[in-house]
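A structural walkthrough
Below, each chain spelled out in residue letters.
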Amino acid sequence: MYPMITEESFRDEAVAFLEANATPRSEEKFVWGEGSDKVALFDEKARETEQRQLEEAKAWRAKRFDAGLGWISGPEEYGGRGLPASYDRLYSSLEARYEVPNQSFFGIGLGMVAPTILAHAAEETRARYLPGMYRGDIVGCQLFSEPGAGSDLASLQARAERDGDEWRVTGQKVWTSGAQYSDIGEVICRTDADLPKHKGLTGFVVDMHAPGVEVRPLRQMTGGA
Ligand SMILES: Cc1cc2nc3c(=O)[nH]c(=O)nc-3n(C[C@H](O)[C@H](O)[C@H](O)COP(=O)(O)OP(=O)(O)OC[C@H]3O[C@@H](n4cnc5c(N)ncnc54)[C@H](O)[C@@H]3O)c2cc1C
């Protein structure tokens, strides 16, 4: 168990870690009319570039996690540090002053999937996925939208049926950000078709590398996929 630590001591610890492992960001002077005009939400990078950046991002998360800075406000039983959320914000504000690998690969997994697992999943599922997700070993994506279910998510058709001790998932999802480099996906399926459409839905964690999971690029009007 980690000892409780004051914000001041935590700040010293975080700065020492960042000084030892990252380069301070140089101050860029902002000038109107100069610099990049890029406004794209998602980078459209070559697969090799994406793979290299993913490896760098994972290495940085692992370093943070192993130093006790990977999941600062998370429960200790799942690899967290058990500190208040304000320490998380403090660390983020400090890390923003340093050049660190692009962490956007973890945006959906740590921003949405992991908190959902923590709040709603069975104990076994939490223990199985959460430490690896926060260490960067497991990247997660969200498998909600379908060709016929977007804003009206309750129209979804993907279904999960009991098959002995397991569940068999059948269906098609679309718009899955980061599916091509994700290890797990949080998939919402219909588990009881007899109920009204806003009921009978269940969330599962699927292995994105399992046989039967096919990930295909979705070409966008900007040319990227
Ligand atoms: C870049 C990007 C990344 C995404 N990433 C993910 C992801 O990781 N995982 C995932 O599951 N999904 C993802 N999505 C899907 C996204 O959440 C859906 O696009 C969204 O749910 C809307 O669904 P739709 O595109 O089918 O549009 P529709 O639901 O068909 O809506 C089309 C238009 O009709 C309007 N509309 C719909 N219903 C009504 C209504 N009742 N009244 C008035 N207007 C209405 C909408 O506002 C919209 O303008 C992503 C989408 C984008 C663009």
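See the structure printed just above.
Remember, it's a predicted structure, so these values are computed and weren't measured experimentally.

1. Describing the nonpolar core
Within soluble globular proteins, side chains that are nonpolar tend to cluster in buried spots. Ile117, Leu130, Met133 and Tyr134 are the most contacted members of the largest nonpolar core, which totals 20 residues. Secondary structure elements with two or more residues in this core: α2 (47-66), α4 (107-120) and α5 (123-135). If you look at the next biggest cluster of nonpolar residues, it comprises 15 residues, including Ile72, Leu90, Tyr91 and Leu94.

2. Structural notes on the side chain of Lys173
For Lys173, the location among the structural elements is in the loop between β5 (166-170) and β6 (184-190). When its relative accessible area of 18% is taken as the criterion, Lys173 is described as buried. From its side chain, Lys173 meets the backbone oxygen of Phe144 in a polar contact 2.9 Å long. At a separation of 3.0 Å, a polar atom in the side chain of Lys173 contacts the main-chain carbonyl oxygen of Ile188. With near-sequence residues (within four places) excluded, Lys173 lies in contact with Leu143, Phe144, Ser145, Glu146, Leu156, Ala158, Val187 and Ile188.

Cut-offs used in this document
- Residues numbered from 1 in each chain as written.
- Predicted model: local features only at pLDDT ≥ 70, side-chain atom pairs only at ≥ 80, totals over all residues.
- Heavy atoms only, no water.
- Core = buried A, V, L, I, M, F, W, Y, C linked by side-chain atoms within 4.5 Å.
- Buried < 20%, exposed > 50% of the residue type's maximum accessible area, 1.4 Å probe, protein only.
- Helix = DSSP H or I, 4+ residues; strand = E, 2+ residues; numbered from the N terminus.
- Polar contact = N/O pair within 3.5 Å; in protein donor to acceptor, adjacent residues only side chain to side chain.
- Contact = heavy atoms within 4.5 Å.

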